[in-house]
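# Residue-level structural notes
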Amino acid sequence: MTTILVTGGAGFIGSNFIRYFAQQRPEFNIINLDLLTYAGNPENLIDLEGSPHYTLIQGDIADQALVYSLFKRYPITRVVHFAAESHVDRSIMAPDAFVRTNVQGTFVLLESARQLWLEEKSKLEEEPRFLHISTDEVYGSLKSQEPAFTESSPYAPNSPYAASKASADLLARAYYKTYGLPVMITNCSNNYGPYQFPEKLIPLVIAQALDHKPIPIYGKGDNIRDWLYVEDHCRALLRVLEDGRPGETYNIGAQNERSNLEVVHQILQILQDQQADGYPLTDLITFVKDRPGHDWRYALDTTKLNRELGWRPEVSFTTGLERTINWYLGQRDWISRIKSGLYRDYLARQYGSAI
Ligand code: NAD
Ligand code: TDX
């Protein structure tokens, strides 16, 4: 059976992608290689547990022997590489893991694919393809009136997270140029939706508001992000995986630029309308010290993806936010399990007594 290796599939976007892929391509065997760090949660794919087509392997993408053995053991012809340390604030606090997972881990995956697919020329059932998932943050920061980043914008990463993702992208590019490894790279804007770990802005705001706890806003809250609903991202990824051109990069974005404060107010409005207790949720907004090197604005030009593969986002921000909020409202246990233990320590370290 043709096999797809998904890395980081127990995280936010990876678990949404696996669920979508399993529905769209039931003929595939799915191997999910995930270290199950604080951000990885097997519960995110509980509905697939027991399926003969889905296997979760707890392991490190930077473990060369393990990754090579998986390529040897399974007839892998597709790789979708999500696994990463993904939170900017943690990269500022402790960058080591970002270099190890995002750079070294990507190298190990590329190198294993090269050895098995190109050197040993194992018998493959179809042409192999490797999709490397990256971010808009590699392009750096835009001023208010500057045009959106295109695929040819220069790389100018500002945080250790962005620099580690940029390094990984450059390795992926080099493996195509030098060895002809069929790699596609996607650079996506901020995602939101079900299963996002509550360290990121949107689920953090929802989780804090539900508990009537302070909502920390960096600086004045006027930094701008482009928000894409995670299912729209997953649809784009399948298009690129199957029909993108090897060696090419594709931007994925929503043309949905909003200031952080605007996003927070919209979430609180939806919650306020749903809560019967009348608690004044906007009172929870708490301005805290700004993130060091905080990128001002991200925006992506997605003409290429639209022209070549016909993709465009389908879920409006209002619909996406409502779906997301409803999902978290139904998952109070999921949130409270995460909020115990190590995550509480992280919040204390990141925000001190502010929240
Ligand atoms: P996440 O933090 O929710 O999940 C990351 C997953 O990777 C977790 O399941 C974790 O256990 C796993 N992982 C971490 N280190 C590992 C290792 N060494 N070996 C194996 N698994 C490991 O991240 P996410 O938000 O789902 O992001 C997924 C990918 O998409 C990342 O590459 C990220 O850079 C990229 N991306 C994210 C966004 C966003 O808004 N979240 C936007 C653009 C691009
Ligand atoms: O407590 C907070 N207060 C706050 O004001 C947090 C956690 C964030 N913010 C601001 C910082 C950003 O301007 O909200 C904005 C969004 O922050 P994050 O959710 O941390 O996302 P960001 O830093 O933009 O990075 C995200 O998008 C690109 C993902 O986390 C990355 O993995 C992805 O590559």
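Quick note: structure is the one above.
Attention here is on the structure that accompanies the text. The structure presented is a predicted model; accordingly, all values stated were derived computationally and were not measured. (Residues numbered from 1 in each chain as written. Chains lettered and ligands numbered in written order. Predicted model: local features only at pLDDT ≥ 70, side-chain atom pairs only at ≥ 80, totals over all residues. Heavy atoms only, no water.)

### Focus: the overall build of the protein chain
Secondary structure assignment for the protein chain yields twelve helices and twelve strands. On C-alpha atoms alone, the protein chain measures out to a radius of gyration of 20 Å, which is about the 20 Å that the 2.2 N^0.38 rule sets for 355 residues. Residue burial in the protein chain is summarised as follows: out of 355 residues, 56% are buried. When contacts within the protein chain are restricted to residue pairs at least 6 apart in sequence, long-range pairs at least 24 apart make up 83% of them. Total accessible area on the protein chain stands at roughly 14800 Å², and carbon and sulfur atoms take up 50% of it. Distance between charge centroids for the protein chain: 3 Å, based on 35 positive and 43 negative side chains. (Helix = DSSP H or I, 4+ residues; strand = E, 2+ residues; numbered from the N terminus. Rg over C-alpha atoms; globule rule 2.2 N^0.38 Å. Buried < 20%, exposed > 50% of the residue type's maximum accessible area, 1.4 Å probe, protein only. Contact = heavy atoms within 4.5 Å. Areas by Shrake-Rupley, 256 points an atom, 1.4 Å probe, with all protein chains shown as cover. Lys, Arg positive; Asp, Glu negative; His and termini not counted. Charge placed at Lys NZ, Arg CZ, Asp CG, Glu CD.)

### Concerning empty space enclosed by the protein
Overall, the coordinates contain two cavities of 30 Å³ or more when judged by the stated rule. Reported here for the second largest cavity is a volume of approximately 50 Å³. Taken together, Val88, Glu137, Asn158, Ser159, Arg225, Arg291, Pro292, Gly293, His294, Asp295 and Tyr298 form the lining of the second largest cavity. Residue composition of the lining of the second largest cavity, grouped by class: three nonpolar, four polar and four charged. (1 Å grid on protein atoms, 1.4 Å probe; cavity = no way out; pocket = protein on both sides within 12 Å on 5 of 7 lines; lining within 4 Å. Points joined across faces, edges and corners; volume = space filled by probe spheres on them. Nonpolar A, V, L, I, M, F, W, Y, C, P; charged D, E, K, R; others polar.)

### A few points about the site of ligand 2
Around ligand 2 sit 22 residues, and of these Glu137, Tyr161, Arg291, His294 and Tyr351 come closest. Contact distances for ligand 2 include 2.6 Å between an oxygen atom and a side-chain N or O atom of Glu137. Contacts to ligand 2 include Tyr218, whose backbone N or O atom sits 2.8 Å from an oxygen atom. Contact with the protein chains hides 94% of the accessible area of ligand 2, taken as 650 Å² for the molecule alone. Where the shell around ligand 2 is concerned, the elements lending two or more residues are helix H3 (88–93), helix H6 (201–210) and strand E8 (215–218). In terms of residue count, E8 provides more of the shell around ligand 2 than any other element does, three residues in total. For the shell around ligand 2, the per-class residue count stands at nine nonpolar, seven polar and six charged. (Near = heavy atom within 4 Å. Polar contact = N/O pair within 3.5 Å; in protein donor to acceptor, adjacent residues only side chain to side chain.)

### Some remarks on the side chain of Thr2
As for its position among the elements, Thr2 is in the segment before strand E1 (3–7). Beyond its immediate chain neighbours, meaning those up to four positions away, Thr2 contacts Glu27, Phe28, Asn29, Pro75, Thr77, Glu125 and Glu126.

### Overview of the state of the cysteines
The final tally for this structure, using the stated rule, is zero disulfides. Not part of a disulfide, Cys234 finds its nearest cysteine sulfur in Cys188, a span of 9.3 Å. (Disulfide = S-S within 2.5 Å.)

### Considerations on the layout of surface pockets
Counted as a void, the largest pocket has a volume near 270 Å³. Residue lining of the largest pocket: 15 residues in total, with Glu151, Arg173, Ile185, Gly247 and Thr249 positioned closest to the centre. Of all the elements in the fold, those that place two or more residues in the lining of the largest pocket are helix H5 (160–179) and strand E6 (183–188). A per-element tally of the lining of the largest pocket places H5 first, with six residues. In the lining of the largest pocket, the residues fall into seven nonpolar, two polar and six charged.

### Topic: the site of ligand 1
Around ligand 1, the structure places 28 residues, and the nearest of them are Ile13, Asp34, Ser86, Tyr161 and Lys165. A distance of 2.9 Å separates an oxygen atom of ligand 1 from a polar backbone atom of Gly11. Interatomic distance of 3.0 Å between a backbone N/O atom of Leu35 and a nitrogen atom of ligand 1. Against a free-state accessible area of 830 Å², the protein chains account for coverage of 97% of ligand 1. The set of elements that each furnish at least two residues to the shell around ligand 1 consists of helix H1 (12–24), strand E5 (129–135), H5 and strand E7 (190–192). Counting residues per element, the shell around ligand 1 draws most heavily on E5, which supplies three residues. A per-class count over the shell around ligand 1 returns 13 nonpolar, twelve polar and three charged.

### Here we look at unusual backbone geometry
Here the phi dihedral of Tyr195 falls at roughly 75°; this positive angle occurs in a residue that is not glycine. Among the structural elements, Tyr195 can be located in the loop between E7 and H6. The residue Gln255 is not glycine, and still its phi comes out positive at about 50°. By secondary structure assignment, the location of Gln255 is in the loop between strand E10 (249–252) and strand E11 (257–259). Gln255 gets classed as exposed once you look at its relative accessible area, which sits at 54%.

### Brief notes about the sheet that holds E11
Strand order across the open sheet formed by three strands is E7-E9-E11, with mixed pairing between neighbours. Looking along the sheet, the strands with just one partner apiece sit at the ends: E7 and E11. The mean inter-strand angle of the sheet, taken between neighbouring strand axes irrespective of direction, is 50°. As paired elements, strand E9 (residues 224–229) and E11 share three bridges and run antiparallel to each other. For Asp226, the partnering residue across the bridge sits in E11 and is Glu257. (Pairing = 2+ DSSP bridges. Axes fitted to C-alpha atoms, helices over the stretch in contact; angles between N-to-C directions.)

All quantities given are derived from atomic positions and should not be read as evidence of function.
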